[in-house]
Amino acid sequence: MGLKGKSCLVLNGDYSPLNVCTALKGAKMVFTGRAEVVEGKINGLRTVSAQYPVPTVIRINHKIRLRDVRVRLSRKAVLSRDRYICQYCGSTAPNMTVDHLMPKHRGGEFSWENLVCACPRCNSHKGDRTLAEAGMKVLSRPKEPSYFILSLLYHTQKGLPDESWGKYLPPSLWQLAIQEIIGVSKNISP
Ligand SMILES: [Zn+2]
């Protein structure tokens, strides 16, 4: 039914943007009564409340407090946050690693602020030194990403979001989404 590779915008109970998931997961949430289709398509055509459209926007049937949803820190989440770009040299080489700015054995934590995506070359060059000792800099200061933007990056690496998302995202978030995705697409193309 054309669900494959498609992503779905998930709205909170109050229609504010919550996250992004695969269209398949979105369809399952609708099927099991946890969400309703707000926008969907059948054979590429937009439809409203048809039986089983491919959902492009769904709304969960309760309201989640945003402060209760945190981005789970993991190596993959760090790499996604940094869009698989080496934060030392800007390279987009394959086999990116996660590096501790302050080395682990010197008390550096496994935290959003202390982890960056690094290419194998920069990682081994830096070794067990601090940035200052190695004379290296980071492209941007690492921090905890927005829950929404990170889920967007996870699920929309192959193309722009569906235009139907536009009216559910504040203009600033929509612009940011487009920018982030264009950034990712550039880095993914060979
Ligand atoms: Zn590098």
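Predicted, not measured: the structure shown is a model, and the values here were computed from it. (Residues numbered from 1 in each chain as written. Predicted model: local features only at pLDDT ≥ 70, side-chain atom pairs only at ≥ 80, totals over all residues.)

Across its full length, the chain carries six helices and seven strands. Overall, the chain shows an N-to-C arrangement of helices and strands of β-β-α-β-β-β-α-β-β-α-α-α-α. Expressed as a percentage of its 190 residues, the buried residues of the chain come to 31%. The long-range fraction of contacts in the chain, counting pairs at least 24 apart against all pairs at least 6 apart in sequence, stands at 61%. (Helix = DSSP H or I, 4+ residues; strand = E, 2+ residues; numbered from the N terminus. Buried ≥ 20, exposed ≤ 12 C-beta atoms within 10 Å, placed from the backbone. Contact = placed C-beta atoms within 7 Å.)

Ranked by size, the top nonpolar core spans 23 residues in total, and within it Cys8, Leu9, Val10, Leu11, Val57 and Ile58 carry the most contacts. Those elements giving two or more residues to this core turn out to be strand 1 (7–11), strand 2 (17–22), helix 1 (23–31), strand 3 (35–42), strand 5 (54–60) and helix 5 (147–155). Residues from two domains meet in this core; each of domain 1 (1–67) and domain 2 (70–158 + 176–190) gives at least three. Ile85, Met96, Leu101 and Cys122 belong to the second-largest nonpolar core, a separate cluster that totals twelve residues. (Core = buried A, V, L, I, M, F, W, Y, C linked by C-beta atoms within 7 Å. Domains from an automatic or database assignment.)

Moving on: unusual backbone geometry. Of note in this structure, Tyr15 is not a glycine but carries a positive phi near 70°. Mapped onto the fold, Tyr15 is located in the loop between strand 1 and strand 2. Owing to 12 C-beta atoms within 10 Å, Tyr15 belongs among the exposed residues under this scheme. Despite not being glycine, Tyr84 has its phi angle at roughly 60°, a positive value. Counting through the fold element by element, Tyr84 comes out in the loop between helix 2 (75–81) and strand 6 (97–100). When the 19 C-beta atoms within 10 Å are taken as the criterion, Tyr84 is described as partly exposed.

Time to look at the pairing of strand 5. A regular strand places its side chains so that they alternate between the two faces of the sheet. Summarising burial for strand 5: six of the seven residues are buried, a large majority. Judged from the three bridges that link them, strand 1 and strand 5 form a sheet pairing that is parallel. Paired with Leu11 across the strands is Arg59, a residue of strand 5. (Pairing = 2+ DSSP bridges.)

As a further point, take the confidence of the model for the chain. Across the chain, pLDDT averages 84, with 85% of residues at or above 70. Ranking the elements of the chain by mean pLDDT puts strand 4 (residues 45–47) last, at 51, and strand 7 (residues 115–118) first, at 98. Scored below 50 in pLDDT, residues 185–190 makes five contacts in the model with residues more than four places away or belonging to other chains. (pLDDT = per-residue confidence, 0-100.)

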